[in-house]
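Notes for the structure review
Next come the chains, spelled out residue by residue.
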Amino acid sequence: MTPDELYQKSLQGPFILAGPCALETIDVALRAAEVLADIASRLDVTVIFKSSFDKANRTSITSFRGPGMEEGLKWLQRVKDESGLPVVTDIHIPDQAAAVGEVADVIQIPAFLCRQTDLLVAAANTGRVINVKKGQFLAPHDMRHVVGKLREAGNERIWLTERGSSFGYNNLVVDMRSMAIMKELGCPVVFDATHSVQLPGGLGGKSGGQREFVPVLSRAAVAAGASGVFMETHPDPDCALCDGPNSWPLDRAEDLIKDLLAAWSVDYVC
């Protein structure tokens with residue numbers, strides 16, 4: 001699937017970005033991808049496999065970050081080859097963009113870096129779909145400047161992701177108006193169902209989370225106009241090496257996606 005074909009599919013129907021927060025082992029990645037590919041096939045929904053080769057913004061310097069770019073891209077290529085799913089992963093510096101663009105179908109810009117001009121331009125220059133997470137500190141209407149940078153660099157294949165806003169210390173809230181506001185910028189909007197329930201730094205040296213609220217927030221976001229839903233999912237979230245407290249259990253992913261598809265099927269009068 002070409003980047004344009006994937007982007008056109010995102011304009012035509014709902015889509016899911018899902019997978020473990022970080023690439024822990026190739027076995028965990030392949031197991032998750034196999035389950036997600038089966039769900040995609042049986043439910044006839046577009047699924048993009050998500051996982052990071054390097055989580056550069058962990059709370060503690062001792063936190064697990066991933067296998068690094070060289071090994072991680074090999075794993076992601078194998079996931080693509082064996083599952084047939086497109087893949088999305090993050091970049092943190094402009095120099096990573098070209099190499100990542102050789103493997104990833106979607107390049108993701110982390111929320112903390114969403115205003116970094118050189119990073120956005122480098123990502124745009126790959127020609128891939130670009131998914132930008134709205135900063136926890138940023139108003140949804142201010143994402144117009146992010147969109148403008150990407151379009152000025154020649155890339156119109158843009159998704160914008162709502163992942164919650166800082167609300168005091170160690171807490172996030174979601175303003176559902178954000179979905180409608182960012183849609184006005186002419187891009188599909190994604191709701192990050194699992195980072196939105198994160199409690200940043202809430203466990204001292206690492207982040208906590210309230211995964212029990214993932215279904216209610218993601219259903220609300222779909223009703224509010226989100227075209228896609230992002231979720232970190234893991235075979236054993238309580239033992240995950242990254243973002244376990246807010247990750248959704250892999251064996252419950254199908255049920256959640258079924259609920260979301262039902263929400264997407266509602267025709268609203270106003």
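Up top is the structure.
Calculation rules
Residues numbered from 1 in each chain as written. Predicted model: local features only at pLDDT ≥ 70, side-chain atom pairs only at ≥ 80, totals over all residues. Heavy atoms only, no water. Helix = DSSP H or I, 4+ residues; strand = E, 2+ residues; numbered from the N terminus. Rg over C-alpha atoms; globule rule 2.2 N^0.38 Å. Contact = heavy atoms within 4.5 Å. Areas by Shrake-Rupley, 256 points an atom, 1.4 Å probe, with all protein chains shown as cover. Salt bridge = Lys/Arg side-chain N within 4 Å of Asp/Glu carboxyl O. Buried < 20%, exposed > 50% of the residue type's maximum accessible area, 1.4 Å probe, protein only. Core = buried A, V, L, I, M, F, W, Y, C linked by side-chain atoms within 4.5 Å. Axes fitted to C-alpha atoms, helices over the stretch in contact; angles between N-to-C directions. Left-handed = near helix turned anticlockwise from the far one by under 90°. Nonpolar A, V, L, I, M, F, W, Y, C, P; charged D, E, K, R; others polar. Polar contact = N/O pair within 3.5 Å; in protein donor to acceptor, adjacent residues only side chain to side chain. Arc of directions from axis to C-beta. Disulfide = S-S within 2.5 Å.

1. Describing the overall build of the protein
- In terms of helices and strands, the protein carries 9 helices and 13 strands.
- Since a compact globule built from 270 residues should have a radius of gyration of about 18 Å, the 17 Å found for the protein is in line with a globular shape.
- Along the first, second and third principal axes, the C-alpha set of the protein runs to 45 × 40 × 40 Å.
- For the protein, the proportion of contacts with a sequence separation of at least 24, taken over those separated by at least 6, is 71%.
- Carbon and sulfur atoms make up 50% of the accessible area of the protein, which amounts to about 11,600 Å² in all.

2. Quick look at the pattern of salt bridges
- Across all of its chains, the model carries 15 salt bridges by this definition.
- A salt bridge links Glu 162 to Lys 134, with the nearest nitrogen and oxygen atoms 3.5 Å apart. One end of the pair, Glu 162, is in strand β6 (residues 158-162); the other, Lys 134, is in the loop between β5 (129-133) and α6 (143-152), with 28 residues separating them in the sequence. Across the pair, exposure class does not vary: Glu 162 and Lys 134 are buried alike.
- With its nearest N and O atoms 3.1 Å apart, the salt bridge here joins Asp 238 to Arg 211. Of this pair, Asp 238 sits in the loop between β12 (228-234) and β13 (248-249) while Arg 211 sits in the loop between β11 (208-209) and α8 (214-223), and the two are 27 residues apart along the sequence.

3. Topic: unusual backbone geometry
- At Asn 170, a residue that is not glycine, the phi angle is positive and equals roughly 60 degrees.
- If you trace the backbone, Asn 170 turns up in the loop between β7 (165-166) and β8 (172-173).
- On the basis of relative accessibility, which here comes to 41%, the residue Asn 170 falls in the partly exposed class.
- Residue Asp 243 is not a glycine yet carries a positive backbone phi of 55 degrees.
- Within the secondary structure, Asp 243 is located in the loop between β12 and β13.
- On the basis of relative accessible area, Asp 243 is assigned to the buried category, the value being 10%.

4. Some points on the nonpolar core
- In terms of nonpolar packing, the biggest core is built from 67 residues, with Ile 16, Phe 49, Ile 109, Val 132, Leu 160 and Met 231 touching the most fellow members.
- The element contributing the most residues to this core is helix α2 (residues 26-43), with 9 residues.
- In terms of nonpolar packing, the next biggest core, distinct from the first, is built from 11 residues, Tyr 7, Leu 17, Val 88 and Phe 230 among them.

5. A few points about the packing of α2 against helix α3 (residues 69-83)
- At a minimum axis separation of 10 Å, α2 and α3 run at an interaxial angle of 30 degrees. For the pair α2 and α3, the crossing hand works out as right-handed. Only Trp 75, Arg 78, Val 79, Glu 82 and Ser 83 of α3 make contact with α2, whose side of the interface consists of Ile 26, Ala 29, Leu 30, Ala 33 and Ala 37.
- Looking at the contact of α2 with α3 residue by residue, the classes come out as 7 nonpolar, 1 polar and 2 charged.

6. Some words on the environment of Ser 218
- Relative to the helices and strands, Ser 218 resides in helix α8.
- Taking the C-alpha atoms as reference points, Ser 218 and Ile 48, separated by 170 residues in sequence, lie 17 Å from one another.
- Side-chain polar atoms of Ser 218 contact the backbone oxygen of Val 214, separated by 2.7 Å.

7. Some thoughts on the side chain of Ser 178
- Mapped onto the elements, Ser 178 comes out in helix α7 (residues 177-183).
- The contacts of Ser 178, once residues within four sequence positions are left out, are Lys 134, Pro 140 and Glu 162.

8. Description of helix α5 (residues 117-124)
- Every buried residue of α5 is listed here: Leu 119, Leu 120, Ala 122, Ala 123 and Ala 124.
- Residues of α5 that are buried make contact with α4 (97-101), β4 (106-109), β5 and α6.

9. Examining α8
- Within the sequence span of α8, burial applies to Val 214, Pro 215, Ser 218, Ala 221 and Val 222. All buried residues of α8 project into a common sector of 135 degrees when viewed along the axis, lining one side.
- Contacts from the buried residues of α8 go to α7, β9 (189-192), β12, β13 and α9 (253-264).
- Phi turns positive one or two residues past the end of α8, at Gly 225, with a value near 120 degrees.

10. Some details on the state of the cysteines
- Applying the stated rule across the entire model yields 0 disulfides.
- For Cys 239, which is in no disulfide, the shortest distance to another cysteine sulfur is to Cys 242 and amounts to 14 Å.

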